[in-house]
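Here is how the chains run, residue by residue.
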Amino acid sequence: MKQYLIRLDDACPTMNFSRWRVIEEILDKYHIAPLVGIVPSCEDQKLMIGAEDPSFWERVFSWSNKGWAIALHGYNHVYSSTAAGINPLWNRSEFAGLSLDEQREKIRRGIDIMKKNHIDPQYFFAPSHTFDNNTLIALKKESNIRIISDTIAFEAYRKDDFIIIPCQLGHFRAIPFAGTWTFCFHPNMMSETDIKTFDEFIYNNRDFFYSFDKIDLCNVKGKSLSSKLLSFMYFTYRKVRGLK
Ligand SMILES: [Zn+2]
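What comes next is a walk through the structure. (Residues numbered from 1 in each chain as written. Predicted model: local features only at pLDDT ≥ 70, side-chain atom pairs only at ≥ 80, totals over all residues. Heavy atoms only, no water.)

**Observations regarding the sheet that holds strand β6 (residues 157-159)**
No. 1: Strand order across the open sheet formed by eight strands is β6-β7-β5-β4-β3-β2-β1-β8, with mixed pairing between neighbours. Looking at the sheet topology across the chains shown, the edges are occupied by β6 and β8 (179-185).
No. 2: As paired strands, β6 and strand β7 (residues 162-165) are joined by three bridges and run antiparallel to one another. From the neighbouring strand, Y157 faces β7, where its bridge partner is I164.
No. 3: Helix-sheet contacts for helix α3 (residues 100-116) involve β2 (35-38), β3 (69-72) and β4 (123-124), and the interaxial angle to β3 is about 140 degrees.
No. 4: Along the sheet, helix α4 (residues 133-142) makes contact with β4, β5 (147-149), β6 and β7, crossing β7 at roughly 125 degrees. (Pairing = 2+ DSSP bridges. Helix = DSSP H or I, 4+ residues; strand = E, 2+ residues; numbered from the N terminus. Contact = heavy atoms within 4.5 Å. Axes fitted to C-alpha atoms, helices over the stretch in contact; angles between N-to-C directions.)

In structure tokens, the structure reads:
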């Protein structure tokens, strides 16, 4: 079975509201509920696009109400280390390489802000995809979150107390293999052409799209041999191409 999932990164009170609204309208048109990553206390200048919107958290609440999956996407979205962690896409991280105490504090503060705004996130993904085992321990100690969106694999797998749903691609392309394929997008950065392509790809592949809240995570097993191989090949390819 082939499943396509959509992840939207970098929602915060200073985001580009008009772009997010257009993306939301497209997803509503196709009845797709994505996973959306919320930065609870954004200090990243790149995400300070507009004036702070006082109704931001109401919007997050409405997303949650219509079935969108909500993720804690870091705390302040500022890189504080050059470690790459267990999903080494980049040598920069808000989390990987920090002490457990530091990571616990970030998670605790992030969850506090979300709870204050009546949001109970069930997912986590880190800025730049980088986190380490301490991030998982911190999440376990400070939150109810037991699902991570990231890493390279063919399908969701179990890692200790967590379920990991892979996130393999930063743009749409038809995938010839069975599996659970998450495409991640940054609505703040999308041009009109990007948005048109986004709409067209979903229309042309509409039979494969699933909502995050519809995927069955009951019988998720450990990482398969084929997924381990895919991950190995992916990171070897990046190394050879000098992408990191
Ligand atoms: Zn981000």
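**Quick notes on the side chain of N188**
No. 1: The residue N188 is located in the loop between β8 and α5 (192-204) in this model.
No. 2: Polar side-chain contacts of N188 include one of 2.9 Å to the backbone nitrogen of N16.
No. 3: Non-local contacts of N188, meaning those with residues more than four positions away in its chain, are made with D10, M15, N16, R19, W20, L47 and I49. (Polar contact = N/O pair within 3.5 Å; in protein donor to acceptor, adjacent residues only side chain to side chain.)

**Here's the deal with the pattern of salt bridges**
No. 1: If you walk through the whole model with that rule in mind, you get 13 salt bridges.
No. 2: The residue K106 makes a salt bridge to E94 at a minimum N-O spacing of 3.1 Å. Of this pair, K106 sits in helix α3 while E94 is found in the loop between β3 and α3, placing the two residues twelve residues apart along the sequence. Each member of the pair, K106 as well as E94, is classed as buried.
No. 3: Across the pair R104 and E142 runs a salt bridge, and its minimum N-O distance is 2.7 Å. Taken together, the residues span a long stretch of sequence, with R104 in helix α3 and E142 in helix α4 at a distance of 38 residues.
No. 4: On the basis of relative accessible area, E142 is assigned to the buried category, the value being 16%.
No. 5: In the salt-bridge network here, residues are joined through shared partners; they are R7, D9 and D150. (Salt bridge = Lys/Arg side-chain N within 4 Å of Asp/Glu carboxyl O. Buried < 20%, exposed > 50% of the residue type's maximum accessible area, 1.4 Å probe, protein only.)

**Observations concerning a nonpolar patch on the surface**
No. 1: A surface patch of nonpolar side chains, amounting to about 350 Å² of accessible area, comprises L229, F232 and M233.
No. 2: Here L229 lies in helix α6 (residues 225-240). (Patch = residues over 30% accessible without salt bridge, like charges linked within 9 Å, V, L, I, M, F, W, Y side chains within 5 Å. Areas by Shrake-Rupley, 256 points an atom, 1.4 Å probe, with all protein chains shown as cover.)

**Section: the packing of aromatic side chains**
No. 1: In this structure the tally under the stated criterion is 20 aromatic pairs.
No. 2: Aromatic pair F172 and F209: ring centres 5.6 Å apart, planes at 80 degrees, arrangement edge-to-face. Residue F172 is found in the loop between β7 and β8, and its partner F209 is found in the loop between α5 and α6; the two are separated by 37 residues along the sequence. The pair F172 / F209 is uniform in exposure class, with both members buried.
No. 3: An aromatic cluster is present here, built from Y4, F172, F183, F185, F198, F201, F208 and F209 joined pairwise through their rings.
No. 4: The ring centre of F208 lies 4.2 Å from the NZ or CZ of K2, which sits over that ring.
No. 5: Of note, R206 hangs over the ring of Y203, and the distance from its end group to the ring centre comes to 4.2 Å. (Phe/Tyr/Trp six-rings, centres within 6.5 Å; stacked < 30°, edge-to-face > 60°. Lys NZ or Arg CZ within 6 Å of the ring centre and 35° of its normal.)

**Quick word on the state of the cysteines**
No. 1: If you walk through the whole model with that rule in mind, you get zero disulfides.
No. 2: You can see C42 has no disulfide; the closest cysteine sulfur is in C12, sitting 4.2 Å from it. (Disulfide = S-S within 2.5 Å.)

**Re the pairing of β3**
No. 1: Residues A69 and A71 of β3 are buried on one face, and the alternating residues I70 and L72, pointing to the opposite face, are buried as well.
No. 2: At this point the chain moves from β2, through helix α2 (residues 56-65), to the parallel β3, and the crossover so formed is right-handed.
No. 3: Regarding the hand of the β-α-β motif, the stretch spanning β3, α3 and β4 is right-handed. (Right-handed = clockwise from strand over helix to strand, strands pointing away.)

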